[in-house]
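Spelled out from the first residue to the last, the chains are:
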Amino acid sequence: MPPTPVTPPTPATPPTPPPAAVTTAGQQSTAQQPTARQSAAPQSVAQRRAAYLGELAQGTDRFHEPRRPDCPWCGSARLRTRLRTPDLLQHKPGTFVVDECEDCAHAFQNPRLTTEGLAFYYRDFYENQDSGAERQGHDGERHEHESFAERTLRSRAGRRRHEAAARSMLPFPEPESWLDVGTGHGHFPAAAKELFTYTSFDGLDPTSRVDKALAAGRVEEAHRGRLPDLAGRLRARYDVVSMFHHLEHSPDPREELRAALAVLRPGGHLLVEVPDPDCAFGALLGKWWVSYCQPQHLHLMPLRNLLDELDELGCSVVSTDRREPHVPYDLTGALALAIGNRLPGGDEPWRPAPPTDLQRTLRTALTRATAPLLASAFVLDHALAPLLRRTRFSNAYRIIARKNPREHPGENPGGASDFDAASL
C-alpha cells in the first residue's frame, strides 16, 4: 500500500449552515438540538439514490445562478474562461466554469452555484472525507460510494503542517484567545495548543464537526454557523483569528474578511492561508490540478488582491509567505483524479444504478494495480517540495495581518456591514 498522501485541507464552508448557535463546554443552545431527521439512523445507499435521482430528474441548470458579466472583485468586464470541468472528485452530474479577470486576475466560478446547488454538491462530501474507522450504514452496508480519488486524498493535513502554521504566530505576543474559522474536527487548535499553552482556542464551523471537536476537548468553545452571522455576538473577543483554506469556499470572501476583523480586538492578528491561483501547476495540470476543486471552490484570489483588500480594511500586513504553506500533493492529486475518473463507477447514490459484481471486481483490481503509481507520485511530490516551494510551483500562500485601531470610529471602510462598522 502507498503511504497516505498529504491532502488539501477539508472544505470549511458548507452552503446551508444551521441556525446561528454557540456551544460552550457543558452547554448547548436550543438551535443546535438534534432534529428528528438528524437523530434518525443513516440512510442506506439505495435510499439516498432514490432522493438523488428525484432531484436530478429536474436537471442541474437550476443549481446555477445566471452567469455574471463582470468580475466580482474589481468589476471589470474583461473576463476569460480559465477552466471548464465536470465534478472530478465525487462525479456528480454537472459542468463548472472558472472565469478569470484579465485586469485583476481574480478567478471565480461562473455561473456560481446557488444555495440549493451548493447544498446538493456538498451533500455526502464531509461524510466521505471523514477519516478513521470505516463508516457503516444502519443496515450494515459499508458506504462504498466513496470515490477512488476521495480515498486517496481524504487524509487531513498532518499534525506537522498544523504545527508549522501555528509557529508562524510565535514572533508575536502570545494571544489570550484564538478563533479557528472552518475548524472542522478541531485538529489545528489541538496541535497549536502544544505551542500556545496559555491560549484559549475556540472553533467555528458550519457543520456538526465542531461539536465533535468540543466533545473531544480540542476546542474550549464551539461556534456553529457562518462567521458573518455570528460576528455580532463575538465582536472584539479574539486576539487571533485563523482561516486555513476557508476563503475559497465562501460565496463572498470580502464579507468573511470583514467579519474576521470584527471579532478581532484592536492589535489582534488575522492568519489566512489559501490556494495560490498563480501556481504554475494550474496551467500545467489543467482540470486535474486539485486546488481547482470544482464545484466546491468558488474563488481563487491572487496574493496582491488580498493584500490590497486588507489594506483597504485598515490592516497592516506583517508577513506573507509562499514557501511554507506549499502542500506537496499536486502530482499525487492529479494522478488520483485521473485514475479515479477512468475506473468503473462505484456505488455512488447519484448514479442511476449500483455497479455490477464484475464492475466491483474490476474496480478493486485496478485500484490495487495503480497503488505503485500513486506511491511514486507521492514520493516525487515530497522530493521536489523543497525546490518547488521556492518557485512559482508553490501552491498556497499565507498572510498575517494586524488589525489597527480605528483612527476615526465613525467611518465605515469598504462598505462594511452593521456588525463590523463599530469595530473594524
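Residues numbered from 1 in each chain as written. Predicted model: local features only at pLDDT ≥ 70, side-chain atom pairs only at ≥ 80, totals over all residues. Heavy atoms only, no water.

1. A closer look at the packing of aromatic side chains
In the structure shown here, the tally under the stated rule is 13 aromatic pairs. Summarising the aromatic geometry, the rings of W178 and F188 are spaced 5.7 Å apart at their centres and angled 55° between planes, so their arrangement reads as tilted. In this pair, W178 is assigned in strand β6 (residues 177–181) and F188 in helix α7 (residues 187–192), connecting sequence segments ten residues apart. With respect to burial, W178 and F188 carry one shared label: buried. Feature note: the residues Y52, F63, F96, F120, Y121 and W350 constitute an aromatic cluster, connected by ring pairs. Directly above the ring of W350 sits K92, whose terminal nitrogen or CZ lies 4.8 Å from the centroid. Between the NZ or CZ atom of R254 and the centre of the ring of W73, over which it lies, the distance is 4.0 Å. (Phe/Tyr/Trp six-rings, centres within 6.5 Å; stacked < 30°, edge-to-face > 60°. Helix = DSSP H or I, 4+ residues; strand = E, 2+ residues; numbered from the N terminus. Buried < 20%, exposed > 50% of the residue type's maximum accessible area, 1.4 Å probe, protein only. Lys NZ or Arg CZ within 6 Å of the ring centre and 35° of its normal.)

2. Things to note about the environment of L271
Along the chain, the position of L271 falls in strand β10 (residues 264–275). Under the relative-accessibility criterion, L271 is labelled buried at 0%. The spacing of L271 and A401 is 130 residues in sequence and 6.7 Å in space, taken between C-alpha atoms. When sequence neighbours within four positions are dropped, the list of residues in contact with L271 reads A165, S168, M169, W178, V241, S242, M243, F244, R398, I399 and I400. (Contact = heavy atoms within 4.5 Å.)

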